[in-house]
Amino acid sequence: PPKKERGNKKLAKEMAMCRTVLAELEAHDEAWPFLLPVNTKQFPTYKKIIKSPMDLSTIKKRINEGVYKSKDEFTADMRIIFNNCETFNEDDSPVGKAGHSMRTLFEARWLELNPQ
Ligand SMILES: Cn1cc(C(=O)NCCCNC(=O)c2ccc(F)cc2)ccc1=O
């Protein structure tokens, strides 16, 4: 089949995997800080400190709107979530701890589905 068709099939498979991992993270008990964009009325300094806000609902939207051109763009947005969390939260805070465990969960699951 033509290159373009092969590429689209590959991307569809990659996005199906991204959807699977995203759904698993959303279902996790410690996903609550990351399900929606951080409320900047509740946390007024957030916008000043965090230059690239990201959350699981935004990633879901981007998958469904066909924004990602590869699984690497998906993983880059996922890692922004966890890096932002470390920037804004103490490691031993509830949100900080949730961020560390969700990052560990994501990276382990991602490796399972993407043997290097
Ligand atoms: C990533 N991050 C999150 C927070 C944070 O406190 N975020 C949630 C506050 C309250 N929101 C909920 O508890 C909630 C939200 C959605 C949901 F479906 C169920 C519960 C603070 C700093 C930070 O860096």
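Small disclaimer: the values here were computed from a predicted structure and weren't measured.

The rules we used
Residues numbered from 1 in each chain as written. Predicted model: local features only at pLDDT ≥ 70, side-chain atom pairs only at ≥ 80, totals over all residues. Heavy atoms only, no water. Helix = DSSP H or I, 4+ residues; strand = E, 2+ residues; numbered from the N terminus. Expected span 1.5 Å × (residues − 1). Buried < 20%, exposed > 50% of the residue type's maximum accessible area, 1.4 Å probe, protein only. Contact = heavy atoms within 4.5 Å. Near = heavy atom within 4 Å. Polar contact = N/O pair within 3.5 Å; in protein donor to acceptor, adjacent residues only side chain to side chain. Areas by Shrake-Rupley, 256 points an atom, 1.4 Å probe, with all protein chains shown as cover. Nonpolar A, V, L, I, M, F, W, Y, C, P; charged D, E, K, R; others polar. Phe/Tyr/Trp six-rings, centres within 6.5 Å; stacked < 30°, edge-to-face > 60°. Patch = residues over 30% accessible without salt bridge, like charges linked within 9 Å, V, L, I, M, F, W, Y side chains within 5 Å. Salt bridge = Lys/Arg side-chain N within 4 Å of Asp/Glu carboxyl O. Lys, Arg positive; Asp, Glu negative; His and termini not counted. Charge placed at Lys NZ, Arg CZ, Asp CG, Glu CD. Core = buried A, V, L, I, M, F, W, Y, C linked by side-chain atoms within 4.5 Å.

Participant: Could you clarify how one ought to interpret helix H1 (residues 3–26) in this entry?
Facilitator: Since the α-helix turns once every 3.6 residues, residues separated by three or four places project in the same direction. For H1, spanning 24 residues, the distance from its first C-alpha to its last is 34 Å, which sits close to the expected 34 Å at 1.5 Å a residue. For H1, the set of buried residues is Glu14, Met15, Met17, Cys18, Val21, Leu22 and Leu25. If you follow the buried residues of H1, they end up packed against helix H3 (56–64), helix H4 (71–88) and helix H5 (94–113).

Participant: Before we go on, may I ask you to explain the site of the ligand in this structure?
Facilitator: Looking at the ligand, the residues that line it are Trp32, Pro33, Phe34, Leu35, Val38, Phe43, Tyr46, Phe88, Asn89 and Val95. Between an oxygen atom of the ligand and a side-chain N or O atom of Asn89, the distance comes to 2.8 Å. Expressed as a share of its isolated accessible area of 550 Å², the protein-covered part of the ligand is 67%. Each residue belonging to the shell around the ligand can be placed in one class, and the counts come to nine nonpolar, one polar and no charged.

Participant: Would you mind going over the side chain of Asn114 with me for this structure?
Facilitator: For Asn114, the location among the structural elements is in the segment after H5. Asn114 gets classed as buried once you look at its relative accessible area, which sits at 11%. With residues near it in sequence (within four places) discarded, Asn114 still touches Met17 and Lys71.

Participant: Would you mind going over the packing of aromatic side chains with me for this structure?
Facilitator: Each aromatic ring pair is described using two quantities: the centre-to-centre distance and the angle formed by the ring planes. Tallied over the full model, the rule gives eight aromatic pairs. Ring geometry for Phe43 against Phe88: centres 6.3 Å apart, planes inclined by 85°, an arrangement best described as edge-to-face. Taken together, the residues Phe43 in the loop between H1 and helix H2 (46–49) and Phe88 in helix H4 connect sequence positions 45 residues apart. The class of Phe43 is partly exposed, set by a relative accessible area of 34%. Residue class for Phe88 comes out partly exposed when judged on its relative accessible area of 22%. Through pairs of rings, three or more aromatic residues link up here, namely Phe34, Tyr68, Phe74, Phe82, Phe106 and Trp110.

Participant: How should I be thinking about a positive patch on the surface in this particular structure?
Facilitator: On the surface, a cluster of positive charge is contributed by Lys3, Arg6, Lys9 and Lys13. Checked against the element boundaries, Lys9 lands in helix H1. A residue is classified by how much of its surface remains accessible, and Lys9, at 55% relative accessible area, is exposed.

Participant: Looking at this structure, how should I read the nonpolar core?
Facilitator: In globular proteins that are soluble, nonpolar side chains generally tend to be buried together. Judged by nonpolar contacts, the single largest core of 22 residues is most densely connected at Leu25, Leu56, Ile59, Ile63, Phe74, Met78 and Phe106. If one sorts the elements of this core by residue count, H1 sits on top with six residues. The contact partners of Met78, leaving out residues within four places of it in the chain, are Leu25, Leu56, Ile59 and Phe106.

Function cannot be inferred from these measures alone, as they are strictly geometric.
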